[in-house]
Each structure stands twice: as C-alpha cells, then as structure tokens.
Amino acid sequence: MTDTVERLKERFGELEPSEFRGQTRIAVPRDLVFEVLSTLHADFGFDMLVDITCVDYLNFRDATDRFGMVYALAGTESGERLIVRTFLNEPDLHVPSVVPLWEGANWLEREVFDMFGIEFDGHPDLRRILMPEEFTAFPLRKDYPLQGRGERHNFPTITRGSA
Amino acid sequence: MAHGTLGDERLAASDPAAGVRDEDYLWTLNFGPQHPATHTTLRLLLKLDGERVVDAVPDIGYLHSGFEKIGEKLDFNQYVTVTDRMNYISPMANNVAWHHAVEKLLGIEITPRCVYVRTIIAELARISDHLLSNGAVGLDVGAFTFFLYAFYQREVIYDIFETLCGARFTNSYTRTGGVMHDMTPMVIEKIRNFVRTFPKTLDDMERLLNRNRIFVDRTKGVGVLTKEEAINRSCTGPVARASGVTRDVRKDDPYLAYADLDFKVCCATEGDCFARYLVRMAEMRESLRLVEQAVENLPSGPVDVGMDERIALPTKEQVYNSIEGTIAHFELVMSNRGFETPEEEIYAAIEAPNGELGFYLVGDGSAVAYRARCRPPSYIHFAVFPHLIRGHTLSDVVAVLGSLNIIAAELDR
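Peer 1: Mind showing me how you'd approach the overall build of chain B here?
Peer 2: Tallying secondary structure elements over chain B gives 18 helices and eight strands in all. Dimensions of chain B, computed from C-alpha atoms along their principal axes, come out at roughly 80 × 45 × 35 Å. Residues counted as buried form 54% of the 413 residues belonging to chain B. Summarising the internal contacts of chain B: among those between residues at least 6 apart in sequence, 69% fall at separations of at least 24.

Peer 1: Hey, could you run me through the interface of chain B and chain A in this one?
Peer 2: Many structure descriptions define interface size as the accessible area lost when the parts assemble. The partner chain A presents 36 residues to the 37 residues of chain B that form the contact. Looking at the side of chain B that touches chain A residue by residue, the class counts come to 13 nonpolar, nine polar and 15 charged.

Peer 1: Please explain the sheet that holds strand S8 (residues 369-375) of chain B as it appears in this structure.
Peer 2: What links the strands of a sheet is backbone hydrogen bonding, and the strands pair in either a parallel or an antiparallel sense. All names here are of chain B. Taken together, three strands build an open sheet; the order of strands is S6-S7-S8 and the sheet is antiparallel. The open sheet is flanked by strand S6 (345-352) and S8, the only strands paired with a single partner. Averaged over all neighbouring strand pairs, the angle between strand axes comes to 15 degrees, with direction disregarded. Pairing between S6 and strand S7 (residues 355-363): eight bridges, direction antiparallel. Paired with isoleucine 350 across the strands is leucine 357, a residue of S7.

Peer 1: Whenever I open this one, the domain arrangement of chain B confuses me. Can you help?
Peer 2: Along its sequence, chain B is carved into domain 1 (8-59) and domain 2 (81-93 + 109-303). Each of domain 1 of chain B and domain 2 of chain B was reduced to a C-alpha centroid, and the two centroids are 32 Å apart.

Peer 1: How should I be thinking about the pairing of S7(B) in this particular structure?
Peer 2: On a regular strand, each side chain points to the face opposite its neighbour's, so the side chains alternate between the two faces of the sheet. All names here are of chain B. Summarising burial for S7: nine of the nine residues are buried, a large majority. Hairpin connection, S6 to S7: the antiparallel pair is bridged by two residues. Where S7 lies against S8, six bridges are found, and the strand directions are antiparallel. Counterpart to valine 362 in the pairing with S8 is arginine 371. The hairpin turn running from S7 into S8, its antiparallel successor, is five residues long, and glycine 365 in that turn takes a positive phi close to 100 degrees.

Peer 1: Explain the packing of helix H5 (residues 112-140) of chain B against helix H6 (residues 144-165) of chain B to me, please; I cannot follow it from the model alone.
Peer 2: Axis angle and axis distance: for two packed helices, these are the angle between their axes and the distance between the axes, and together they describe the pair. All names here are of chain B. Axis separation between H5 and H6 bottoms out at 8 Å; the angle between their running directions is 160 degrees. Our classification of the angle between H5 and H6 gives roughly antiparallel. Helix-helix and strand crossings are classified by hand; for H5 and H6 the assignment is left-handed. Taken together, the residues of H6 that come into contact with H5 (itself represented by Leu124, Ile127, Ser128, Leu131, Leu132, Asn134, Gly135, Gly138 and Leu139) are Phe144, Phe146, Phe147, Ala150, Phe151, Gln153, Arg154, Ile157 and Ile160. For the contact of H5 with H6, the class distribution of residues is twelve nonpolar, five polar and one charged.

Peer 1: Can you walk me through unusual backbone geometry in this structure?
Peer 2: If a residue is not glycine, its phi is most likely negative; likewise, a peptide bond is most likely trans. Cis rather than trans, the peptide bond between Glu90(A) and Pro91(A) has omega equal to 5 degrees. Within the element layout of this structure, Pro91(A) appears in the loop between strand S5 (81-88) and strand S6 (94-96). Unlike most non-glycine residues, Arg21(A) shows phi in positive territory, near 50 degrees. If you check the backbone angles, Arg413(B) has positive phi at about 50 degrees while not being a glycine.

Peer 1: What should I look at first to understand the nonpolar core in this one?
Peer 2: In globular proteins that are soluble, nonpolar side chains generally tend to be buried together. Counting 169 residues, the largest nonpolar core has Tyr71(A), Leu73(A), Leu361(B) and Val400(B) as its most contacted members. Broken down by element, this core gets its largest block of residues, 15 residues, from H5(B). Lining this core are residues from two domains, each supplying at least three of them: domain 1 (8-59) and domain 2 (81-93 + 109-303) of chain B.

Peer 1: How should the sheet that holds strand S3 (residues 52-59) of chain B be read in this particular structure?
Peer 2: Residue and element names in this part refer to chain B. One open sheet holds the three strands; their spatial order is S1-S2-S3, and the pairing between them is antiparallel. Among the strands making up the open sheet, the edge pair consists of strand S1 (27-31) and S3. For this sheet, the mean inter-axis angle between neighbouring strands, taken without regard to orientation, is 25 degrees. By the bridge criterion, seven bridges tie strand S2 (residues 43-49) to S3 in an arrangement that is antiparallel. The residue of S3 that forms the bridge with arginine 43 is aspartate 59.

About the criteria used
Residues numbered from 1 in each chain as written. Chains lettered and ligands numbered in written order. Predicted model: local features only at pLDDT ≥ 70, side-chain atom pairs only at ≥ 80, totals over all residues. Helix = DSSP H or I, 4+ residues; strand = E, 2+ residues; numbered from the N terminus. Buried ≥ 20, exposed ≤ 12 C-beta atoms within 10 Å, placed from the backbone. Contact = placed C-beta atoms within 7 Å. Nonpolar A, V, L, I, M, F, W, Y, C, P; charged D, E, K, R; others polar. Pairing = 2+ DSSP bridges. Axes fitted to C-alpha atoms, helices over the stretch in contact; angles between N-to-C directions. Domains from an automatic or database assignment. Parallel < 35°, antiparallel > 145°, perpendicular 65-115°, else oblique. Left-handed = near helix turned anticlockwise from the far one by under 90°. Core = buried A, V, L, I, M, F, W, Y, C linked by C-beta atoms within 7 Å.

Structure (structure tokens):
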C-alpha cells in the first residue's frame, strides 16, 4: 500500500484499501467521504478531481450495496492517482457535494444525478443536464431498459409558433 | 436540457455569486443549437448588456445518445465503433483509449509492434484534431485561408487512415489485443511522405497567424484561465497546458511507447485563447517528431497477441490449417463464449488530443462491460465556458468556444 493510504488510515481508521493492476483504491463510509476528500484535497496534494462517476451494482454478483460512487483524484505536483469509493443504498441516496472543494465537480455531479438519481447535498445547481427536464427516470440504472420505456412519446412538441 | 423554454428564470438563478442583476436593459440571446460557430449542436443562453456578455448558461444534451448505456450491451470489440462517434475529429485516439482501458482490465500485454502502431495512429490523430481545432478558431475569427491550409493536411491524414484500414472518418481500427490490419509498406511510405511535407505547411500556417494583427487582437487576453482555476476545474490537455499546468498523461503515466520516445510537453502561461492556439501548434510539431521516431523504429513481429491468449482472432491461415486456430476462432466468435474478464474495476486514461480521455470499466466476467464510463474532456471544458466568457463581448464567444475545442458528440455522448 502506498504512503498516502497509510497516512489516511492513521487518520480515519476504518478505510478499506485495495489494489488492482497497480491502481490504489479506498472504500470510505458515506458519512466520512466529504471529510476524507477534503483532507486529501488540503493536506495530501490531490488538487485535481479527474472524474466522478457511479456504478449501479443491481445485478452484480455478490454485491451487497446498490450504488458505488467513484471519485478519481490526481495530484498535479506528485503525479499520484487515487480512487475513492463510497457505497449507497436505497432509499437514502444522498451524498455530500464536493463542489466546495473542486469547482470541476459541478457538472460531473449533475451528470450522476441525471443518470442515477443520486442527490448531492449542498450542490449549487442540481438539475438534469443531458436528459430533458420532463424526463422522470434515471437511464443508467440497471433496472432501466436499454430501449427506454416509451417516454419519448410524452415529450412536448414545439412548433414554430410556440417556440 | 430544456425543451421550449427561453430559460430566463434559470439565467437569473444561475450564478448569484457573479452578481448578475435582472436589470431591464439586459437582454437574452439564444446562441445555437444551430449556429455556424458552435460547429455542432449545443446551445448557449447569453445575457447581454449591449455587446458585453454578462452571463452565459450552457444548455446541452441535444446529442445525448446513451453511449454509456450502449457500452453495457456491446462487447469490447463492438463498442469501439461507438467510441469513433464520440470525438469524431480524432476517432483513432478514442479507439486507442478504449482498448487501452479494456486491455488494462483484462491484463493483456500487447506486442511491441502493436504498441508502436498505436502510438503512430494516436499521434496522427492528435495532429488532425489540432489542425481542425486551430483551423476552426481561424475560420471563426475570420482567417479563412488558414482553415484551408489546415483542412488540406487533414485530408492527407485521412488518406493515410484510408490506406491503413479502409475507413477515412470512423476508423474503428483497434481490436482487443491488437489492431484490425497490420501496417503495410504503402502506409509507412505515406506516413514518411507526410512527415517530410507537413513541417512546411506548419511553417506557412504559423506565418499566417502568429503575428497576424487581427487574429492576435481577437484572441490575446480573451478567455483567460489561470493555473489555479484550470486545476480546480479539472481541465486537462492543451487547455490546461496553455494555463501553465505541466501535466501530460504521456509523460506522467507513460503508456504505449511514449517512455521510449523523445518529445517535449508544450506549455504556455498566459491561459488565453492565443496561448491555447500556440500550444496546439507546438504540439503538432512534437507529435510529428513522435510519428517520425515511431515509424523509423517500428519493430517487426506480429501485431496481435498470440493465439494462446484467446483474445485476438487468429489469422485465416491459422484457422484453416490448424486445429488450435479453429478452436481459438470458435471460442471467440460464439456468442456464449468470448473472453473472460475479472470481476474488477479500473480507470485507465490516455492523453487524447483534447485532454485526458479516460474510461472507467467494470468487468463482470463476460466480454461485455458492466459499466463503461467515459471521462470526456469536452464535457469538463465546456463547464468552464461561462467562467471564461463573462465580461467579454459577443464576438469573443466564438473565439473562446473554438479554442476550447468543444465537440458536442463527446460532450453529450
């Protein structure tokens, strides 16, 4: 395990580090995720948020949690990379927003909200970004069919006169 | 994405911190979704005070086609055709990025020849992307000749790709564990020819714009992004490097053959549209050096991984003349077979022309990804746009938009 993980464990205790093909990941309980990320941001030099995404483990073998949030971080000085994961279950799909730490999280969190319905507490502007506002489902969830549920027919049609 | 609303109420609510007041004299302009300078389908709601942009609200999603959902249905080799359609001005780079991630998940070591072939095509893709991106900036601010020079050279690169794999635009060239066809001597001859002739055009292009009064006035000091903001807003690629972020995945986390080849990371410190233009021009020269080194040092040997790996399709000769070849072919093409993936997840990124293009892949044992997340640089750069344009004039919108190189197909996926 890397030095970063050791230091993080000293500080927070209950973290589950793992490694796959040279990539270090830590699993963090949801209540600690903001604290861990802000520590990584402020004290560990992870000043860049590379990506935020989510995985729906509905049909995944041996999965115990429904959703896994993934934060990919990088340090611009050290060149180090780290993936922080946290798990969420229905009905409580809330996670603290990291926009106060990284401005770049704004649209990434909006996309996760749009596609998975995860609510980011404290996000300044949490609304759908890729799907139309009238859309009610969350298309990247595993219980949403590939070909849709026929929502398209309910979308309002704009004519030249009404636009 | 909003349907049929002008979005005034959202404009007012968009950024209270920026001090936007709903004064009567401010008016709203819909920029796009169909506008010559957006080049693709995206929409901006601009709040104007005369000619000055007080605020901008991007409205995206017009080209959303569910690429990540499709990625959970198509297998690793089929999905490469979808990656072509993400950043369609440099599809080869997307192909390389996708299979880089897939091979990292599967733990495959590709052959030395394949490493070099992929490096060559990725760098050619970078040149063609930067040519279009800079050419479009030139076109949008009125330098039409420059655009024609750039497009002529793109045509030459298309010819190379056509000779290589039969397709000009949507190449789908890579395969898991290899590539579609090996490079023929004819392709290498064409690449050598391009390496010989391209620097002259690049000189001409630089002479056309680098000291062109109109172009410099339109781009210098416009859309300034500081280094801290670039890092905080997750910018990568030429956009970040023009702001002084010395980050390049090719150097920091070398993949393919980049550790063996000699090249520089091109940076600027100003962070304006002109700096982004200069960084792209300089990167084309470095890419050309990379292509030249890679072509001259192209290793011999097979381009696909061996038959025992059960990953790449065996050659026709192997299939028809040996039982092992027949079995390997059968195992790969039958829909209930295919290759096995670990039940693991991986994030793998390459330095695409536009920035860090990464894929977050989750494997569930089958040859189809359980989750195929794409980290699209255009999406992250477009989020920066309102910040860059505030306080500039309406005519600067096209300069900033062009210099960020927003490709809507990658933006919306």
